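Here's the letter readout for the chains.
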Amino acid sequence: MAKLPILRFPDPRLRKKGLPVKAVTPDLQVLADDMLETMYAENGIGLAAAQVDRQIRLIVVDTAQRSRTQTTADEDQHEAPRQMTGDDTDYDLNHDEIDVEAVRDEFGGETDLERAITQPLILFNPVVVKKQGKTTFNEGCLSVPTYYEVVERAKLIEVEALDREGRPVRLITDGLLAICIQHEIDHLDGKLFIDRLSPIKSARVKSKIKKNGYPDKTSAEKSSKKSSDEPAL
Ligand SMILES: [Zn+2]
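Residues numbered from 1 in each chain as written. Predicted model: local features only at pLDDT ≥ 70, side-chain atom pairs only at ≥ 80, totals over all residues. Heavy atoms only, no water.

Participant: Summarise the overall build of the protein chain; cite the residues concerned and give the values.
Facilitator: The helix and strand tally for the protein chain stands at eight helices and five strands. Starting at the N terminus and walking to the C terminus, you meet the elements of the protein chain as α-β-β-α-α-α-β-β-β-α-α-α-α. Counting every position in the protein chain, which comprises 233 residues, the buried fraction comes to 53%. Of all intrachain contacts in the protein chain linking residues separated by at least 6 positions in sequence, the fraction that spans at least 24 positions is 73%. Entry remark: accessible area of the protein chain is about 11100 Å², with carbon and sulfur atoms responsible for 50%. (Helix = DSSP H or I, 4+ residues; strand = E, 2+ residues; numbered from the N terminus. Buried < 20%, exposed > 50% of the residue type's maximum accessible area, 1.4 Å probe, protein only. Contact = heavy atoms within 4.5 Å. Areas by Shrake-Rupley, 256 points an atom, 1.4 Å probe, with all protein chains shown as cover.)

Participant: Go over the sheet that holds strand S5 (residues 168–173) with me, naming the residues and quoting the values.
Facilitator: Strand order in this open sheet of five strands is S1-S2-S3-S4-S5, and the pairing throughout is antiparallel. Edge positions in the sheet fall to strand S1 (46–48) and S5, since each of these pairs with one other strand and no more. Between one strand axis and the next, the sheet turns through 35° on average, direction left out of account. Summarising the sheet, strand S3 (residues 121–139) and strand S4 (residues 149–162) pair through 12 bridges and their orientation is antiparallel. Along S4, the bridge assignment pairs Val127 with Glu160. The sheet strands contacting helix H1 (residues 26–41) are S1, strand S2 (58–61) and S3, and the helix crosses S2 at an angle near 40°. (Pairing = 2+ DSSP bridges. Axes fitted to C-alpha atoms, helices over the stretch in contact; angles between N-to-C directions.)

Participant: Mind laying out the coordination of the zinc ion, listing which residues take part and the relevant values?
Facilitator: The protein atoms that coordinate the zinc ion are Cys141 (SG), His183 (NE2), His187 (NE2) and Leu233 (O), at distances of 2.1 to 2.4 Å. Bound by four donor atoms, the zinc ion shows angles of 91 to 143° at the metal and therefore irregular coordination geometry. (Donors = N, O, S within 2.8 Å, 3.2 Å for Na, K, Ca; no water. Tetrahedral: all angles 85-135°; square planar, octahedral: opposite > 155°, others 65-115°.)

Participant: Before we move on, could you go through the pattern of salt bridges and cite the residues and values that matter?
Facilitator: This model, assessed by the stated rule, comprises 18 salt bridges. Ionic pairing is found between Asp112 and Arg115, a salt bridge with its closest N-O pair at 3.1 Å. You can see Asp112 and its partner Arg115 sitting in helix H4 (residues 112–115), three residues apart, about one turn around the helix. Residue class for Asp112 comes out exposed when judged on its relative accessible area of 61%. (Salt bridge = Lys/Arg side-chain N within 4 Å of Asp/Glu carboxyl O.)

Participant: Hey, could you go over the nonpolar core for me, with residue numbers and the actual values?
Facilitator: Across soluble globular proteins, nonpolar side chains show a tendency to be buried alongside one another. Counting residues in each nonpolar core, the largest one holds 22 residues, and the members touching the most others are Ile59, Val61, Leu121, Leu171 and Ile181. Listed by contribution, the elements that provide at least two residues to this core are S2, S3, S4 and helix H5 (175–188). When residues of this core are assigned to their parent elements, the largest contribution, eight residues, is made by H5. Not counting the four nearest positions on each side in its chain, Leu121 is found in contact with Ile59, Val60, Val61, Leu171, Leu177 and Ile181. In this structure, Met35, Val60, Phe124 and Leu142 belong to the second largest nonpolar core, which totals 19 residues. (Core = buried A, V, L, I, M, F, W, Y, C linked by side-chain atoms within 4.5 Å.)

Participant: I'd love a proper account of the state of the cysteines, names of residues and values included.
Facilitator: Enumeration according to the criterion identifies zero disulfides in this entry. Sulfur of Cys180: no disulfide; nearest cysteine sulfur belongs to Cys141 and is 9.9 Å away. On the basis of relative accessible area, Cys180 is assigned to the buried category, the value being 0%. (Disulfide = S-S within 2.5 Å.)

Participant: Let's hear about the packing of aromatic side chains: which residues, and what values?
Facilitator: Summed over the entire model, instances satisfying the criterion amount to one aromatic pair. With 6.0 Å between their ring centres and 80° between their planes, Tyr147 and Tyr214 make a pair best called edge-to-face. Of this pair, Tyr147 sits in the loop between S3 and S4 while Tyr214 sits in the loop between helix H6 (199–212) and helix H7 (217–223); the two residues are 67 residues apart in sequence, bridging distant segments of the chain. Residue classification places Tyr214 among the buried residues on the basis of a relative accessible area of 17%. (Phe/Tyr/Trp six-rings, centres within 6.5 Å; stacked < 30°, edge-to-face > 60°.)

Participant: Lay out the pairing of S5 in plain terms, naming residues and giving numbers.
Facilitator: Of the strand pairs in this sheet, S4 and S5 are connected by six bridges, and their pairing is antiparallel. Within S5, the position partnered with Ile157 by the bridge is Thr173. The hairpin formed by S4 and S5 contains five residues between the paired strands, and Gly166 there has a positive phi angle of roughly 85°.

Written as structure tokens, this is what we have:
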């Protein structure tokens, strides 16, 4: 397991399109596990291969992690209950805990569809085959740290993909998980959430980042408590 460096906007490599995976090889399984480790360490709820400079269609997602680990993490930083494929890695939960329950209030809590899906998800070649309705969410991104903007997405999606073992999977979800999957698939097409704002707002945010860069984590938390409580995708 290894923690990978995450590319940040305006890095042009974030704009490259990911190629479909022909077969899920052991190397790609290691990459997926490393991406999960990176995502947990950075307090994210989703990560796309594009964000770690791999131009393939692979995303990892875990929108359930904090509601499940919150109490334990508060009591003992080293006792992370999330395990993957028998690995005994402890994830770094030594961060301000994100109040996912408060975030979920927008949706009236974790939905039945979300609850029915075992997470974390590792999805190769994910494709949204059906979408229904509209919803909005104040999105963030590990590649655009400290920035949060309201983005419109489909409310309910049906997704086809290959799992960690290369088996075809189909899932139907809504809530935060549906938003996160759509955000991550965008990354595979070189697209960021700040591209989905109104043209004026999008241009304003991008020029602000290009001009000022990103504040370091400590000053960002001081200046905006709310932002540090929101999950990054
Ligand atoms: Zn993102």
